[in-house]
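# Remarks on the overall topology
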Amino acid sequence: MQSEDKIIIGKIGKARGLDGTLKIIPLTDFEGRFDNLQEIFVSDKIFQVEKVQHIGGEIFIKFKNIDSRELAKTLTNKFLTVPRAEAAPLEDGEFYTFDIIGCEVFNGSKTLGKVENVIKTGSNDVFQVGEILIPALKSVITEIDIVNKKIIVDSAKLEEI
């Protein structure tokens, strides 16, 4: 499976204990998605999930056949991915961050650049396009076309900000 067919849902942190359990740094808004995992990709290799634990607000995974701290350490800092088809469902008008990044942003006929980052602020996301920060508000963004990797902003609203 090619990497563009997969989405990143987490990153492996340090080993916990001696049995090969690993701390997981979630890179998804859907942390519950780890709970029912049977298997997951680490880099391009598939691993069977033995156990998922939530301890003190943190997530830990134990993979089958990773039975020592030393083996677990070899996986530290690697990304956890799942097939794109297993992405959590979204409500109408919601988008995945990984789909927004790389979209070209237009203000009328003027190209502003590509979305380099999506900043989570709590109240609303902010799209970083070079030095420009664009709030992800319906009053500012008039269209998001993921298929064509294109975002249209309202030039009048953008200038008010």
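The present account deals with the structure reproduced in this document. (Residues numbered from 1 in each chain as written. Predicted model: local features only at pLDDT ≥ 70, side-chain atom pairs only at ≥ 80, totals over all residues. Heavy atoms only, no water.)

Let's shift gears to the environment of Phe-106. Summarising the element assignment, Phe-106 is placed in strand S7 (residues 104-107). What makes Phe-106 buried here is its relative accessible area of 18%. Distance from Phe-106 to Lys-64, taken between C-alpha atoms, is 48 Å for residues 42 residues apart in sequence. Once residues within four sequence positions are removed from consideration, Phe-106 is found in contact with Thr-111, Lys-150, Ile-151, Ile-152 and Val-153. (Helix = DSSP H or I, 4+ residues; strand = E, 2+ residues; numbered from the N terminus. Buried < 20%, exposed > 50% of the residue type's maximum accessible area, 1.4 Å probe, protein only. Contact = heavy atoms within 4.5 Å.)

So, about the packing of aromatic side chains. For any pair of aromatic rings, the description rests on two quantities: the centre-to-centre distance and the angle between the ring planes. Per the counting criterion, the structure on display carries two aromatic pairs. Between Phe-47 and Phe-63 the ring centres are 5.2 Å apart and the planes differ by 45°, which places this aromatic pair in the tilted class. Linking Phe-47 in strand S4 (residues 45-55) with Phe-63 in strand S5 (residues 58-63), this pair joins segments that are 16 residues apart in sequence. Residue classification places Phe-47 among the buried positions, given a relative accessible area of 9%. Between Tyr-96 and Phe-98, the aromatic rings sit 4.9 Å apart at their centres with planes inclined by 10°, giving stacked as the arrangement. Residue class for Phe-98 comes out partly exposed when judged on its relative accessible area of 32%. The cationic tip of Lys-150 hangs over the ring face of Phe-106; the distance from NZ or CZ to the ring centre is 5.5 Å. (Phe/Tyr/Trp six-rings, centres within 6.5 Å; stacked < 30°, edge-to-face > 60°. Lys NZ or Arg CZ within 6 Å of the ring centre and 35° of its normal.)

Now for the pairing of strand S8 (residues 110-114). Two faces, one strand: in a regular strand the side chains alternate between the faces of the sheet. In this structure, S7 lies alongside S8, joined through four bridges in antiparallel fashion. Residue pairing in the sheet places Glu-104 in a bridge with Lys-114 of S8. Counting the residues in the hairpin turn of S7 and S8 gives two residues, including Gly-108, whose phi is positive at 65°. (Pairing = 2+ DSSP bridges.)

With that settled, consider a nonpolar patch on the surface. A contiguous nonpolar surface patch, about 320 Å² in accessible area, is contributed by Ile-8, Ile-25, Leu-27 and Phe-79. If you trace the backbone, Ile-25 turns up in strand S2 (residues 21-26). (Patch = residues over 30% accessible without salt bridge, like charges linked within 9 Å, V, L, I, M, F, W, Y side chains within 5 Å. Areas by Shrake-Rupley, 256 points an atom, 1.4 Å probe, with all protein chains shown as cover. Salt bridge = Lys/Arg side-chain N within 4 Å of Asp/Glu carboxyl O.)

What follows covers the pairing of strand S6 (residues 79-83). Of all five residues in S6, four are buried; the element is thus mostly enclosed. Where strand S1 (residues 6-16) meets S6, five bridges bridge the pair, whose relative direction is antiparallel. Residue Lys-11 lies in a different strand from S6, and its bridge partner there is Phe-79. Pairing of strand S3 (residues 39-42) with S6, which is carried by two bridges, proceeds in the antiparallel orientation.

Core analysis: the largest hydrophobic core is formed by 23 residues, its most contacted members being Phe-63 and Leu-80. Breaking this core down by element, the ones donating at least two residues are S1, S2, S3, S4, S5 and S6. If you tally residues by element for this core, the top one is S1, at four residues. Beyond its immediate stretch of four places on either side in the chain, Phe-63 contacts Ile-12, Leu-22, Ile-40, Val-42, Phe-47, Gln-48, Val-49, Glu-50, Leu-75 and Leu-80. Among the nonpolar cores identified, the runner-up in size contains 13 residues, and Leu-112, Val-129, Ile-134 and Val-140 belong to it. (Core = buried A, V, L, I, M, F, W, Y, C linked by side-chain atoms within 4.5 Å.)

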